[in-house]
Amino acid sequence: MTEPVYWFEHTGFPLPAYWVLMGLFLVLFALLMFRQTRRQGFKKNLVPVFFCLALLLALFFARLLFSLVRSDEVFMDEFGEFKGLGGFFQPESHGFSIIGNILGVLLAAFLTAKLFGLKPANILDSAAAPAVLLIGLARLIEPLNGQGYGEMVSSPFLEFFPLSLTNDWGESLLSVSFIEGVLALILFAVLLAASKRFISPGMKALFFLVFFSLSQILPESWRRDDVLFIFIFARVTQVGYAALFMGAVACLGVLTVRRAGFHRRFLCEWILTALGVLVCVGCEFALDKTNLPDLMVYLAMALTLIGLAFMTGCRMMKTEAFV
């Protein structure tokens, strides 16, 4: 465990480094979002409305999900008695869930679309690239918040920053947040490079949800910090990514059927998608409850995720071909 970093501690008004930088990244998100919406001809006041709604709802749902999973810690005292709702409004610096953040932003897009008489898909497309950039940058600075580390590193070629972090006892730990951040930034670059290839409204947002979720599932398994668990072995963030992926695939399926009609191969793809997710769940269970070699389990999970990404990517290209 590492402690959060504070700036200007000697002044008596310490600033949490992570949240100061996050404030700057949020400004960058708003500017990029404004640029995207202006290109699409949206009203100027759309971005401020969406930004405020997204910020409030993202923080609320992120805290809500964390609090529900950690209800004993947030709402109960040391004697197991309910201590009121005050704990919900007094979060620790890491007391939020990224899945709740994403859900809040999705809801904000739907509400903003309703207010401005637009399709939510158009707003989500404009937010896709700025959002993945924001997440990537947030992951890169996560060590400043005392989070983002994995197992102890013993290989000399990994014992350097940013691939490893040093905890308060001088031990080198795998920098999971750096890996996740780099994967998110790669996706950001892909979204920028391929932006003109997304013809259908909502396809860019689906691309983001599919490939961001799939790329983060494996590194989340390496986390050893303050991880949220349900059912003992199931990690909330991994389950959330799987749910987002399945939701995106369902939306893609509806879009495909509307354009091309139903075909049996679509059903086969959906069954394979569900099986792939179950394999990943089984791999996580195997890591926790069996003696199978970790390397073999991680390899099986990685191959499954690559297969899901390839199959879903092919389906996206075929769906765009029907435009």
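Here is a short report on the structure shown in this document. (Residues numbered from 1 in each chain as written. Predicted model: local features only at pLDDT ≥ 70, side-chain atom pairs only at ≥ 80, totals over all residues. Heavy atoms only, no water.)

## Some remarks on the packing of aromatic side chains
Two aromatic rings are characterised by how far apart their centres lie and by the angle between their planes.
Consideration 1: With the rule as written, the count across this model stands at 11 aromatic pairs.
Consideration 2: Summarising the aromatic geometry, the rings of W19 and F96 are spaced 6.0 Å apart at their centres and angled 65 degrees between planes, so their arrangement reads as edge-to-face. Of the two residues, W19 is situated in helix α1 (residues 17-39) and F96 in the loop between α3 (71-75) and α4 (98-116); the sequence distance between them amounts to 77 residues.
Consideration 3: Given the relative accessible area of 34%, W19 is considered partly exposed.
Consideration 4: A residue is classified by how much of its surface remains accessible, and F96, at 25% relative accessible area, is partly exposed.
Consideration 5: Centre to centre, the rings of W222 and Y298 are 6.0 Å apart; their planes meet at 80 degrees, and the pair counts as edge-to-face. Separated by 76 residues along the polypeptide, W222 in the loop between α7 (203-220) and β6 (229-230) and Y298 in helix α10 (residues 294-320) bring together distant segments of the chain. (Phe/Tyr/Trp six-rings, centres within 6.5 Å; stacked < 30°, edge-to-face > 60°. Helix = DSSP H or I, 4+ residues; strand = E, 2+ residues; numbered from the N terminus. Buried < 20%, exposed > 50% of the residue type's maximum accessible area, 1.4 Å probe, protein only.)

## Brief notes about helix α6 (residues 176-193)
Consideration 1: The terminal C-alpha atoms of α6, which comprises 18 residues, lie 26 Å apart, in line with the 26 Å expected from a rise of 1.5 Å per residue.
Consideration 2: The complete set of buried residues in α6 reads V176, S177, E180, G181, A184, L187, F188 and L191. Each buried residue of α6 lies within a common arc of 125 degrees when the element is viewed along its axis, so the set occupies one face.
Consideration 3: Of the surrounding secondary structure, the elements contacted by the buried residues of α6 are α5 (120-140), β3 (149-152), β5 (172-175) and α7. (Expected span 1.5 Å × (residues − 1). Arc of directions from axis to C-beta. Contact = heavy atoms within 4.5 Å.)

## Regarding the packing of α1 against helix α2 (residues 46-69)
Consideration 1: At a minimum axis distance of 10 Å, the contact between α1 and α2 shows a crossing angle of 140 degrees. Considering the angle they form, α1 stands oblique to α2. When the axes of α1 and α2 are compared, the crossing they make is right-handed. Contacts between α1 and α2 involve L26, F29, A30, M33, F34 and T37 on the former and, on the latter, L46, V47, F50, F51 and L55.
Consideration 2: Its residues assigned to classes, the contact of α1 with α2 shows 10 nonpolar, one polar and no charged. (Axes fitted to C-alpha atoms, helices over the stretch in contact; angles between N-to-C directions. Parallel < 35°, antiparallel > 145°, perpendicular 65-115°, else oblique. Left-handed = near helix turned anticlockwise from the far one by under 90°. Nonpolar A, V, L, I, M, F, W, Y, C, P; charged D, E, K, R; others polar.)

## Focus on the nonpolar core
Consideration 1: Of all hydrophobic cores here, the largest spans 71 residues; its most connected members are F50, F208 and F212.
Consideration 2: Those residues in contact with F208 that sit more than four places away from it in its chain are A128, V132, I135, L187, L191 and S213.
Consideration 3: Counting residues in each nonpolar core, the second largest holds six residues, with F66, V74, F75 and F88 among its members. (Core = buried A, V, L, I, M, F, W, Y, C linked by side-chain atoms within 4.5 Å.)

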